[in-house]
Amino acid sequence: MREKTLLLIKPDGVARGLENEIFKRVEAAGLMVEVKQNTTLTTAQAAELYQPHLGKSFYAGLVKFITSGPVIATIVSGENAISRVRELMGATDPLKAAAGSLRGDLREANVINEYGVIKNLVHGSDSPESAAREIAIFFK
Ligand code: IDP
Ligand code: MG
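Criteria and thresholds
- Residues numbered from 1 in each chain as written.
- Chains lettered and ligands numbered in written order.
- Predicted model: local features only at pLDDT ≥ 70, side-chain atom pairs only at ≥ 80, totals over all residues.
- Heavy atoms only, no water.
- Helix = DSSP H or I, 4+ residues; strand = E, 2+ residues; numbered from the N terminus.
- Contact = heavy atoms within 4.5 Å.
- Near = heavy atom within 4 Å.
- Polar contact = N/O pair within 3.5 Å; in protein donor to acceptor, adjacent residues only side chain to side chain.
- Areas by Shrake-Rupley, 256 points an atom, 1.4 Å probe, with all protein chains shown as cover.
- Nonpolar A, V, L, I, M, F, W, Y, C, P; charged D, E, K, R; others polar.
- Salt bridge = Lys/Arg side-chain N within 4 Å of Asp/Glu carboxyl O.
- Buried < 20%, exposed > 50% of the residue type's maximum accessible area, 1.4 Å probe, protein only.
- Arc of directions from axis to C-beta.

Chemist: Which parts of the structure should I look at to understand the environment of Phe65?
Modeler: Locating Phe65 in the fold gives a position in helix H4 (residues 59-66). Separated by 51 residues in the primary sequence, Phe65 and Gly116 place their C-alpha atoms 9.2 Å from one another. The contacts of Phe65, once residues within four sequence positions are left out, are Lys10, Pro11, Asp12, Asn113, Tyr115 and Val117.

Chemist: Got a minute to help me understand the site of ligand 1 in this structure?
Modeler: Every residue close to ligand 1 is listed here: Lys10, His53, Phe58, Leu62, Arg86, Thr92, Arg103, Gly116, Val117, Ile118 and Asn120. Between ligand 1 and Thr92, the relevant distance is 2.6 Å, taken from an oxygen atom to a side-chain nitrogen or oxygen of the residue. Measuring from an oxygen atom of ligand 1, one finds a side-chain N or O atom of Asn120 at 2.8 Å. Burial of ligand 1 by the protein amounts to 78% of the accessible area it has alone, namely 530 Å². Looking at the shell around ligand 1 residue by residue, the classes come out as four nonpolar, four polar and three charged.

Chemist: I would appreciate a short explanation of the pattern of salt bridges in the present structure.
Modeler: Opposite charge on two side chains allows them to pair when their charged atoms are near. All told, the structure shown has eight salt bridges when counted by the stated rule. Its salt-bridge partner being Arg16, residue Glu108 comes within 4.0 Å of it at the nearest N-O pair. Of this pair, Glu108 sits in the loop between helix H6 (102-105) and strand E4 (122-124) while Arg16 sits in the loop between helix H1 (11-15) and helix H2 (19-28), placing them 92 residues apart in sequence. When its relative accessible area of 28% is taken as the criterion, Glu108 is described as partly exposed. The partly exposed category is assigned to Arg16, whose relative accessible area is 34%. As a salt-bridge pair, Lys119 and Glu108 come within 3.3 Å of each other at their nearest N and O atoms.

Chemist: Honestly, H4 in this entry has me stumped. Any pointers?
Modeler: The α-helix winds at 3.6 residues per turn, so residues separated by three or four positions along the chain end up facing the same way. Judged by how many residues are buried, H4 sits mostly within the fold: six of eight residues are covered. Listing the buried residues of H4 in full gives Tyr59, Gly61, Leu62, Val63, Phe65 and Ile66. Buried residues along H4 sit against strand E1 (2-9), H1, helix H3 (43-49) and strand E3 (71-79).

Chemist: What exactly am I supposed to notice about helix H7 (residues 128-138) here?
Modeler: Among the residues of H7, Ser130, Ala131, Glu134, Ile135, Ile137 and Phe138 are the ones counted as buried. Projected onto a plane normal to the axis of H7, the buried residues spread over an arc of 145° and lie on a single side. Residues Glu129 and Ala132 are exposed on H7 and point more than 90 degrees away from its buried face. Buried residues belonging to H7 abut E1, strand E2 (32-39), H3, E3, helix H5 (81-89) and E4.

Here it is, written out as structure tokens:
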């Protein structure tokens, strides 16, 4: 099924200048980066993005980190784009992410940041419902 998903390059990915490498890998996988938006999240946008994590011990850190600097929000489309972007990203913990995945190949030595949050470069929607909700945070 042809799908759209939100792929967001987080502040650590932008600060390290990894956007071209990330987009190259997405396109090499046959997916299309339809639109890109350079932005910095407001606290309200961060709260919406991370609404499923409300109540977790690392929630406050998540919001602080994602609003701490510029990000690039994109809509990626293609056949099974949601699961394929998740595969390209790799596991949440970069130390467990497979070789060949973005998080595995591009990880830093220290994977926890000053907010107590796992630094893993990218966010990708995890279901069709999340994709619709998350795309709407950035694209009207
Ligand atoms: P995902 O990004 O692979 O979908 P989620 O479980 O949705 O992972 O978590 C959202 C983000 O929260 C992760 O990308 C990571 O930055 C952070 N995170 C997840 N679990 C932990 C944790 O146990 N400690 C600190 N940060 C975490
Ligand atoms: Mg998630």
